[in-house]
Each structure stands twice: as structure tokens, then as C-alpha cells.
Amino acid sequence: MKELIQSLLEQTLESLKAQGIVPADFEARIQVDRTKDKSHGDLATNLAMMLTKVAGKPPRELAQLIIDNLPASAQVAKVDIAGPGFINFFIDENALANQLKAAIGDAMLGVKAAAPQTVVVDYSSPNLAKEMHVGHLRSTIIGDSVVRALEFLGNNVIRQNHVGDWGTQFGMLLAYMEELRAQGGDKANLELSDLESFYRAAKLRFDESDAFATRARALVVELQSGDEYCNKLWREFNDISLSHCHDVYARLGVSLTRKDVHGESAYNADLAQVVTDLDAKGLLAISDGAKVVFQEEFRNKDGEPLPVIIQKADGGFLYATTDLAAMRYRSGTLNADRVLYFVDLRQALHFQQVFSLARTAGFVRENMTLEHMGFGTMNGEDGRPFKTRSGGVVKLVDLLDEAVERAEQLVRSKNPDMDEAEVKEIARVVGIASVKYADLSKNRSSDYIFSFEQMLSFEGNTAPYLLYAYTRVAGIFKKADNIDLANAELVLEHDKEKELGNKLAQFGEILARMVDKGQPHILCGYLYELAGAFSSFYEACPVLSADSDVARNSRLLLSRLTADTLKQGLSLLGIETLERM
Ligand code: ARG
């Protein structure tokens, strides 16, 4: 309940800022305390006193303004001003119990969705010329979790896997593919099963043989001019590369399908038009023969203007050109309200530049938002970008294999008598969950250190802790499945029951915050706290051996909702649960 009041006050403060009553840059640490004397309500805040200086108004007057701007909540029965300007909150316990009661057995767990929006989510988006590596892990799983939560809240979500399937490096790859095929047999397909070494071998041929390099360049030209043979080769290559991606998605439990692939090449036909339209708006300049756009606000540290390059001197288009075409499509054809880009923070400048240019050029509707949901780097234990011992890129599949292997040792050591098949299945779930959760539970914009030991620990905010917590709650029902709860009442008497109830009631607002900010760690933190609230409740309040049937049934209801919320929450993170581990 403390958090509920806290969050109501945060919203109030925002509206006071919007009305100019409180300066917009004022950072308040809102304090909410439990009252000692219940005649002063359940909770109180000194916020009005804290604001009096910056707002230049007496505290009691501010207290009234706060109350006037407080969002309505069924859980707050009454609000009072006391003494010099304290605000006291009286909590309606019936309202809370009723809210929880309604959530039990509801498919949405009582979560009320806001007006649905069309949200385009650009995520995963690897380059098909190479194997997916750890750098693609973050985009893929953070994006997928936000997608799931957006859909759960009733939005129309359009996934866009904006794969890099175009560019000069394809000439080299196709030339190599052609060469291997000419040698007959299965060699090409065999080598394509490891894209990383295929790329390296092709690059080697390109560097050592002039004839090969000439052929590679010729293939690019033919590809771009729509030559059928060349396009067939290119489609075959992409198909194989994409099937590698989808193997990884399947292992990770990521919801992307082949239908969501809308790669760079999909915009080829519009690129010349992008140039024409920018030109018609008078935005283009020529710099070293290339067509570029200068925008006043983008300059390097020496104050020199930073252009967006639209078309190279040789006629080739660039990453930015494709992104401009993609924004136009997402606005005009997909009719998005929001477009979210889950892409490495190192591309922040690129997105600032193309977003601003798309607006200036009128390529996107004004009421459509463009949001770069940037993420930091996944580092190794040495604090540097994650590499293999020999310094190479870590393939995603190898990383997942190792996580599952380590989880298997862990599961076996905890359950020496468990049968082999079950050990393997639990290890698969725990291993994958650990990799995903370790990533999702961090604020996405910070760098983080990848550590198998930490992610597989049963202590702290980890996947094993939460999965285990879920099995404990769900386990209660193994011994209670003959108890009929159809007419059970939910009564919140004990403090720990109230605290757990309050946590459960926050699920909806947590999800709303998570999808607004594109930050799955908000949900992770919540689930961790929920598991903690449950374990304090379970310690203080016996469930199956409660004093009365009424108390037992009520506690079973609370346990039911906890289990369902944990399971649903984990599923929105793209994490499977286990009934036993
Ligand atoms: N293919 C790019 C990369 O691997 C990411 C693409 C992100 N999406 C976009 N619309 N630019 O870096």
C-alpha cells in the first residue's frame, strides 16, 4: 500500500509540475510512512512541507493542492490534512480485498488495460551476413519481453525484424557460395552450417584473389539490378542464415516468426524516392560527391556539422536511407502510434539524427512517437565486451549450451535421485531462464557483467530464486486440491496478508510502467519483491494449518493469486515455469 500511495503521489507531483506549481526539474524523494495512531489513517506523507520552499506556498495550501490532484483510487477511503500540513491516507481494506477477489481466476488477473495502441517493435534485427552473436541477445530478449507485455495489455503489436540482408558484403558471400557450388557435392551447404567461418573464408578469398574480388563486385551490381540468377543465390543464402536465427529464437523461447522479418531489402524500391523527396524539400547538400543532409543541432565536438549520408557518390544507399524509408512505412502503411527500437545505445546518434530528419521531412505523422530503447553492453567478468578466451565473438548457441550444462550440474547436485529426463528438462528451463533473467533484470541502459555463477545462484534477484519461489507457492495446491474455494472469502487481517495483498494489487501499474519505459527490469524487480512478500506471509501465516477454515481458504486464495501472478509475470518475460525443481 505504501508503494500505491507513493506512486499516486508521484503522479500528483507530475501534474503539479505540468501546471507550473512546482518547478519541472525538482527531484523529490517522496516519503510515505505508516502512522502510529490509526486515527490519523494508515499512511502519511510530509510531501507538502517538502515542497513549500520550491513552490513558494504555505504547506497546508500545498497539501490541499496535492489532494485535489491526487488520482482517484478505490483503495483510498479518505484523505485528510493534519497539523502543519501532513497528509493522512485511510486505506479501504474492503476495496483491496474485493479487487484481489476479482483478480483471482480472471484471465487478465484483474489488470485493466488502457486504450489499445498500434505499436511497432523493431527488435533482434541481426545482420544475416554473419552468425548471431551475444550482441543480439539483448535486443532479442528485451524486445520480446516488452512485446509480450504490450500484447497482454491489449495493444496491437507489429513485430519488425529489421534484418541486415543487403549491402556490399553480400557480393563476397555470394561469390564464395558460387565457387563452392562449382566444386560440386555438398560443400556449400556444409560450410553454410557455420556462418561465422563461412564469412571468414569468403573474406579470405576476397583478399587473396583479384579475380574473386572482381566477381564479388560484379555480383553486387547484378543483385541490385535485379538479375534473377543472382537474386536466387541471395535468397538461398538469406534463407539459410535466417533458419539459424530461428533456431536460436526457438531455443530462447522468443516469439518472432518468419512473418515478422521485414529486412533492409524490403525498402529497396523506395530508396530513390526518399532521395527525391528530401531533395524536393530542399534538404539535400552535396559533400565529396555524396548526397547528405546537415541538421543544425548535430555537430561534433569541434562544432563541425555532422551530416546524415543519404546516397554515396557511387550511387549506393546507406543504413540511414533505409531507416528513413522504414519510418515512412511504419507511419503511413502500418499506422503506428508508437515505434520502439531495441538497438544498442552505441547507435544513439544515428537514431537521433534520422528521427529528427524524418520529422523535418514530414515522413512520419506528428502523433507517432519514435523511441530508441537503447541498451548497454554485455561485458565479460573482466569488464570488457564479452569475448571467447581466444578473443573471438561468442556465438549465442554456445553460450546457451554452457548455461544449460551448468544448470544440469546444479539440478543433479540438488536432486541426486531424479531421473535423467527430468533433470534434462529442468536444466533446459533453468539454464535458458537464467541467461534471460540476468539480462532482463538489469536496467537496459547500463552495461552489465555476464556471470554464469551469479545468474545461476539461488540467492538474490535471479531466475533460480524466482522459479523455486514459484514451485513453493504452486506446491501448496498439491496438498489442497480437494478444497473447494468457490465460495471462499478473502480477508486481509494479518499485516503480512495486507502487504502481500498490496503487492498483488500493483501488477497492472507495474506492467503499464514497464511498457511505457520499455524496461523489463521493472517487472523483474516487482516479481522479486512479490516472491519476498509471499515468503514473509508464509512464515507468519500458516496456510493449510490455519486456525479456521475461513482463514485457510482466504490464504489459499492469496496463494493462488500469487502463483498465477508469478507465472504470468515470468511468462511476460518470456520465461517458462516449472512445477518442481
Ligand atoms: N542490423 C542492425 C545491427 O545489427 C540493427 C538494426 C536495428 N534496426 C534499425 N531499424 N536500424 O546493428
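See the structure printed just above.
What counts, and where the lines are drawn
Residues numbered from 1 in each chain as written. Predicted model: local features only at pLDDT ≥ 70, side-chain atom pairs only at ≥ 80, totals over all residues. Heavy atoms only, no water. Helix = DSSP H or I, 4+ residues; strand = E, 2+ residues; numbered from the N terminus. Buried < 20%, exposed > 50% of the residue type's maximum accessible area, 1.4 Å probe, protein only. Contact = heavy atoms within 4.5 Å. Areas by Shrake-Rupley, 256 points an atom, 1.4 Å probe, with all protein chains shown as cover. Expected span 1.5 Å × (residues − 1). Near = heavy atom within 4 Å. Polar contact = N/O pair within 3.5 Å; in protein donor to acceptor, adjacent residues only side chain to side chain. Nonpolar A, V, L, I, M, F, W, Y, C, P; charged D, E, K, R; others polar. Pairing = 2+ DSSP bridges. Axes fitted to C-alpha atoms, helices over the stretch in contact; angles between N-to-C directions. Core = buried A, V, L, I, M, F, W, Y, C linked by side-chain atoms within 4.5 Å. Parallel < 35°, antiparallel > 145°, perpendicular 65-115°, else oblique. Salt bridge = Lys/Arg side-chain N within 4 Å of Asp/Glu carboxyl O.

Enquirer: Residue-level account of the overall build of the protein chain, with values.
Expert: In terms of helices and strands, the protein chain carries 21 helices and 13 strands. By its C-alpha atoms, the protein chain is 90 × 70 × 40 Å across when sized along the principal axes. Looking at the protein chain as a whole, 51% of its 581 residues are labelled buried. Expressed as a percentage of contacts within the protein chain between residues at least 6 apart in sequence, the contacts between residues at least 24 apart total 72%. On the protein chain, roughly 26,600 Å² of surface is accessible, and the fraction owed to carbon and sulfur atoms is 49%.

Enquirer: Lay out the environment of asparagine 189 with the relevant residues and their values.
Expert: Tracing the sequence through the fold places asparagine 189 in helix H7 (residues 187-192). It is 9.6 Å that separates the C-alpha atoms of asparagine 189 and phenylalanine 237, two residues lying 48 residues apart in sequence.

Enquirer: Provide a residue-level description of helix H12 (residues 319-332), including the pertinent values.
Expert: The periodicity of an α-helix, 3.6 residues per turn, causes residues three or four positions apart to be oriented the same way. For H12, which comprises 14 residues, the first-to-last C-alpha distance of 20 Å matches the rise-based estimate of 20 Å (1.5 Å per residue) to within 8%. Burial of H12 is extensive: eleven of the 14 residues sit out of reach of the surface. Residues of H12 that are buried: Ala320, Thr321, Thr322, Asp323, Leu324, Ala325, Ala326, Met327, Arg328, Arg330 and Ser331.

Enquirer: Provide a residue-level description of the site of the ligand, including the pertinent values.
Expert: Near the ligand, the surroundings consist of Asp122, Ser125, Asn127, His136, His162, Tyr319, Asp323, Tyr341, Val343, Gln347 and Phe351. At a separation of 2.8 Å, a nitrogen atom of the ligand approaches a polar side-chain atom of aspartate 122. A distance of 2.8 Å is found between a nitrogen atom of the ligand and a side-chain nitrogen or oxygen belonging to aspartate 323. Protein chains bury 88% of the 350 Å² of accessible surface belonging to the ligand in isolation. For the shell around the ligand, a count of residues per class yields four nonpolar, five polar and two charged.

Enquirer: Describe in detail the sheet that holds strand S5 (residues 118-122), supporting the description with residues and values.
Expert: Note on sheets: strands pair through backbone hydrogen bonds, and any given pair is parallel or antiparallel. Read across the open sheet, the four strands follow the order S6-S5-S10-S11; overall the sheet is parallel. The strands lining the two open edges of the sheet, one partner per strand, are strand S6 (156-160) and strand S11 (369-372). Averaged over all pairs of adjacent strands, the angle between strand axes in this sheet comes to 20°, irrespective of strand direction. Bridge analysis of strand S10 (residues 338-341) against S11 gives four bridges, and the strand direction is parallel. Counted as the bridge partner of leucine 340 is glutamate 371 from S11. With respect to the sheet, H12 is in contact with S5, S6, S10 and S11, its orientation differing from that of S10 by roughly 145°.

Enquirer: Describe the nonpolar core, naming the residues involved and giving the relevant values.
Expert: Residues Leu399 and Leu523 are the most contacted members of the largest nonpolar core, which totals 131 residues. With eleven residues, the single largest contributor to this core is helix H15 (residues 420-440). Setting aside chain neighbours within four positions, we find leucine 399 in contact with Val134, Leu137, Met378, Phe386, Val394, Val435, Phe450 and Phe452. Counting residues in each nonpolar core, the second largest holds 30 residues, with Ala326, Phe363, Val364 and Leu370 among its members.

Enquirer: Hey, could you go over unusual backbone geometry for me, with residue numbers and the actual values?
Expert: Unlike most non-glycine residues, serine 125 shows phi in positive territory, near 40°. Here serine 125 is to be found in the loop between S5 and helix H5 (134-152). The backbone phi angle of aspartate 288 is positive, close to 50°, even though this residue is not glycine. Relative to the elements of secondary structure, aspartate 288 occurs in the loop between strand S7 (285-287) and strand S8 (290-299). Taking the relative accessible area as the measure of exposure, aspartate 288 reaches 79% and is therefore exposed.

Enquirer: Report on the packing of helix H6 (residues 169-182) against helix H8 (residues 195-208), specifying residues and quantitative values.
Expert: One way to put it is that H6 packs onto H8 with a least axis distance of 9 Å and a crossing angle of 95°. Here H8 runs roughly perpendicular to H6, going by the angle between their axes. For the pair H6 and H8, the contacting residues are Gln169, Met172, Leu173, Tyr176, Met177, Glu179 and Leu180 in the first and Phe198, Tyr199, Ala201, Ala202, Lys203, Arg205 and Phe206 in the second. The class makeup of the residues in the contact of H6 with H8 is ten nonpolar, one polar and three charged.

Enquirer: Give me the lowdown on the pattern of salt bridges, citing residues and values where you can.
Expert: Applying the stated criterion across every chain, the model contains 35 salt bridges. Linking aspartate 439 and arginine 138 is a salt bridge whose minimum nitrogen-to-oxygen distance equals 3.0 Å. You can see aspartate 439 sitting in helix H15 and its partner arginine 138 sitting in helix H5, a full 301 residues away along the chain. A residue is classified by how much of its surface remains accessible, and arginine 138, at 2% relative accessible area, is buried. Between lysine 395 and aspartate 194 there is a salt bridge, with the nearest N and O atoms lying 3.3 Å from each other. Here the residue lysine 395 occupies a position in the loop between strand S12 (378-379) and helix H14 (396-414), and aspartate 194 occupies one in the loop between H7 and H8, the gap between them amounting to 201 residues. Of the residues examined, aspartate 194 reaches a relative accessible area of 24% and is grouped as partly exposed. Here the salt bridges do not stand alone but share partners, grouping Glu408, Arg412, Glu420 and Lys424 into one network.

Enquirer: So what's going on with the sheet that holds strand S9 (residues 305-311)? Residues and values would help.
Expert: Reading across from one edge, S7-S8-S9 is the order of the three strands in this open sheet, with antiparallel pairing throughout. The open sheet has two edge strands, S7 and S9, and neither has a second partner. With direction set aside, neighbouring strand axes in the sheet form an average angle of 55°.

Enquirer: So, H5: which residues are in play, and what are the values?
Expert: The terminal C-alpha atoms of H5, which comprises 19 residues, lie 28 Å apart, in line with the 27 Å expected from a rise of 1.5 Å per residue. Burial analysis of H5 places 16 of its 19 residues in the buried class, which makes it a mostly covered element. Directly after H5, the chain includes glycine 154, whose backbone phi takes a positive value near 90°.

Enquirer: An account of the environment of isoleucine 142 is needed here, citing residue identities and associated values.
Expert: Tracing the backbone shows isoleucine 142 in helix H5. Expressed as a C-alpha distance, the spacing of isoleucine 142 and threonine 388, which sit 246 residues apart in the sequence, is 23 Å. Excluding its chain neighbours within four sequence positions, the residues that come into contact with isoleucine 142 are Phe342, Phe375, Asp439, Leu440, Arg444, Gly518 and Pro520.

Enquirer: Let's hear about the pairing of strand S3 (residues 76-82): which residues, and what values?
Expert: As paired elements, S3 and strand S4 (residues 86-91) share six bridges and run antiparallel to each other. Paired with isoleucine 81 across the bridge in S4 is isoleucine 87. Remark: three residues form the turn of the hairpin made by S3 and S4, two consecutive strands paired antiparallel; glycine 83 in that turn has positive phi of roughly 55°.

Enquirer: Requested: an account of the environment of phenylalanine 89, with residues and values cited.
Expert: Note that phenylalanine 89 resides in strand S4. Taking the relative accessible area as the measure of exposure, phenylalanine 89 reaches 0% and is therefore buried. Considering only alpha carbons, one finds phenylalanine 89 and valine 76, 13 residues apart in sequence, at a separation of 6.8 Å.

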